[in-house]
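Remarks on the overall topology
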Amino acid sequence: MTKAVCFQCGHLKFGSFLACDECQAKPKTDDELIVSLAMSDHYFDQETMESMGEYIREHGHPPHLDPESEKTFRRNFEEVKASGALDQLFQDNEGV
Ligand SMILES: [Zn+2]
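My aim in this report is to walk through the structure given alongside it, one point at a time. (Residues numbered from 1 in each chain as written. Predicted model: local features only at pLDDT ≥ 70, side-chain atom pairs only at ≥ 80, totals over all residues. Heavy atoms only, no water.)

Comments concerning the coordination of the zinc ion
- Summarising the metal site, the zinc ion is bound by the protein donors C6 (SG), C9 (SG), C20 (SG) and C23 (SG), whose distances to it range over 2.3 Å.
- Coordination at the zinc ion is tetrahedral: its four donor atoms span angles of 106 to 113° at the metal.
- The sequence pattern formed by the donor residues of the zinc ion is C-x2-C-x10-C-x2-C.
- With relative accessibility at 25%, the residue C23 sits in the partly exposed group. (Donors = N, O, S within 2.8 Å, 3.2 Å for Na, K, Ca; no water. Tetrahedral: all angles 85-135°; square planar, octahedral: opposite > 155°, others 65-115°. Buried < 20%, exposed > 50% of the residue type's maximum accessible area, 1.4 Å probe, protein only.)

Shown next, in the form of structure tokens:
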């Protein structure tokens, strides 16, 4: 399963779009979803993700993506969204 950094507390959690098992935060807005998609082991190694987590704990927000990467991640995110995978995910999570 995908390992990802929690956008809110920097904890390493499983699944970019799933609720954090540490702070229970779940990405909802496009920006939160994009940053959660970006900060995963699809794109970064464990060491980088840990330093992203540290950044979040220190600053209280995720590191800013450079405009080029942000464009790439936004495009990937639009593809995921268009595939309907997100709808399914949010349906599955309802009432949990
Ligand atoms: Zn968290």
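On we go.
Here we look at the nonpolar core
- Listed in full, the 11 residues of the largest apolar core are V5, C6, F7, C9, C20, A25, V35, M39, M49, M52 and I56.
- In terms of residue count, the dominant contributor to this core is helix α2 (residues 46-59) (three residues).
- Excluding its chain neighbours within four sequence positions, the residues that come into contact with F7 are A25, K26, P27, E32, V35, S36, M39, I56 and P62.
- In terms of nonpolar packing, the next biggest core, distinct from the first, is built from eight residues, F17, A38, F73 and F77 among them. (Core = buried A, V, L, I, M, F, W, Y, C linked by side-chain atoms within 4.5 Å. Helix = DSSP H or I, 4+ residues; strand = E, 2+ residues; numbered from the N terminus. Contact = heavy atoms within 4.5 Å.)

Structural notes on unusual backbone geometry
- In this model, Q24 sits at a positive phi of 70°, which is unusual for a non-glycine residue.
- Look at Q24 and you get exposed, because its relative accessible area is 54%.

Structural notes on a negative patch on the surface
- A cluster of like negative charges, contributed by D45, E47, E50, E54 and E58, occupies part of the molecular surface.
- Within the secondary structure, E47 is located in helix α2. (Patch = residues over 30% accessible without salt bridge, like charges linked within 9 Å, V, L, I, M, F, W, Y side chains within 5 Å. Areas by Shrake-Rupley, 256 points an atom, 1.4 Å probe, with all protein chains shown as cover. Salt bridge = Lys/Arg side-chain N within 4 Å of Asp/Glu carboxyl O. Lys, Arg positive; Asp, Glu negative; His and termini not counted. Charge placed at Lys NZ, Arg CZ, Asp CG, Glu CD.)

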